[in-house]
Amino acid sequence: MAKASVPKRRQKGGDETAVRERILAAAFAAFMKSGYATASTLEIATRARVSKRELYAIVGNKQEMLIACISERAKRFSVPADLPALRDRRTLEQVLVSFGTKLVLEVTDPTVIAVFRLAIAEVVQAPEVARALDSTGREAGRAALRKIMAGAQASGLLTGRPAELAGQFNGLLWRDLLVSLLLGVAERPNPSQIAGRARDAAAAFLQLHPLPNDGSSC
């Protein structure tokens, strides 16, 4: 009897995961169509083909749904577990190019741009949208970049505060691209253009921060 109950528990867990994904997809669609403040839990439950009771039990209230939607995307901004040891500047440059390429690819995805626009549109009626996007979504990318900078600092490849170094690289990476995309006055760059942008940002950043013991700049 005990053996027979294991597959049932696994099946139930798998079903709940599928329902959760369906609810989050429905919530995101409702937020995009109606706006966060206007979208109702009834509309979301109807789209997800679940009861409101099931919706609250599996995901939670509307704000929790929004945070879950953003958190799922934010997972993509984490630093890979197999990040190479930062023993030299060449490796650091490769890591910055790789992470910068990944970051721009993810953030310029049309669904992410739509979330940014939603946060801006709802900033008066529902400021929690912008707070969730900043503290959960954008912070994931900032934290990952700070981790890279802290590793480079610990290896003697950079000097300065990791947060400030991360901010400088971000500025070189993005320039005015994100604002232009939000305004709809620029098209999303293709993968080749994004990789080139990341390479240029990494090269410019390392030029601004020569090796601490490098006397060639004197």
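Check the entry above for the structure.
*Asks:* Could you give me a rundown of the side chain of N170, with the residues and numbers involved?
*Replies:* Tracing the backbone through its elements, the reader meets N170 in helix α8 (residues 162-174). Residue contacts for N170: discarding those within four places in its chain leaves L103, L145 and R175.

*Asks:* I'd like to hear about the packing of aromatic side chains, residue by residue, with values.
*Replies:* In total, this model carries two aromatic pairs according to the counting rule given. Where F169 meets F205, the ring centres are 6.0 Å apart and the plane angle is 85°; that geometry is what we call edge-to-face. Placement of F169 in helix α8 and of F205 in helix α10 (residues 191-208) is noted, with a sequence separation of 36 residues between them. Both residues of the pair, F169 and F205, belong to the buried class. When the ring centre of Y36 is taken as reference, the NZ or CZ atom of K62 above it lies at 4.9 Å.

*Asks:* Could you give an account of the nonpolar core, naming the residues involved and the relevant values?
*Replies:* One finds I23, I44, L92, L96, M149 and F169 to be the most contacted residues of the largest nonpolar core, which totals 62 residues. Those residues in contact with L96 that lie beyond four places of it in its chain are L145, I148, M149, F169, A202 and F205.

*Asks:* Any details on α10? Residues and values, ideally.
*Replies:* Along its 18 residues, α10 runs 26 Å from first to last C-alpha, staying within 8% of the 26 Å computed at 1.5 Å per residue. Considered for burial, the residues of α10 that qualify are I194, A195, G196, R197, A198, A201, A202, F205 and L206. Taken together, the buried residues of α10 touch α5 (89-107), α7 (127-154), α8 and α9 (177-183). Between a side-chain oxygen at the N-terminus of α10 and the backbone nitrogen of S192 the separation is 3.1 Å; the capping residue is N190.

*Asks:* Talk me through the packing of α7 against α8; I want residue IDs and the actual numbers.
*Replies:* Interhelical geometry of α7 versus α8 gives an angle of 120° and a closest axis separation of 8 Å. Here α7 is positioned oblique relative to α8, judged by the angle of their axes. The interaxial crossing formed by α7 with α8 has right-handed handedness. Taken together, the residues of α8 that come into contact with α7 (itself represented by L145, R146, M149, A150 and Q153) are P162, A163, L165, A166, F169 and N170. Of the residues that constitute the contact of α7 with α8, the class distribution is eight nonpolar, two polar and one charged.

The rules behind the values
Residues numbered from 1 in each chain as written. Predicted model: local features only at pLDDT ≥ 70, side-chain atom pairs only at ≥ 80, totals over all residues. Heavy atoms only, no water. Helix = DSSP H or I, 4+ residues; strand = E, 2+ residues; numbered from the N terminus. Contact = heavy atoms within 4.5 Å. Phe/Tyr/Trp six-rings, centres within 6.5 Å; stacked < 30°, edge-to-face > 60°. Buried < 20%, exposed > 50% of the residue type's maximum accessible area, 1.4 Å probe, protein only. Lys NZ or Arg CZ within 6 Å of the ring centre and 35° of its normal. Core = buried A, V, L, I, M, F, W, Y, C linked by side-chain atoms within 4.5 Å. Expected span 1.5 Å × (residues − 1). Polar contact = N/O pair within 3.5 Å; in protein donor to acceptor, adjacent residues only side chain to side chain. Axes fitted to C-alpha atoms, helices over the stretch in contact; angles between N-to-C directions. Parallel < 35°, antiparallel > 145°, perpendicular 65-115°, else oblique. Left-handed = near helix turned anticlockwise from the far one by under 90°. Nonpolar A, V, L, I, M, F, W, Y, C, P; charged D, E, K, R; others polar.

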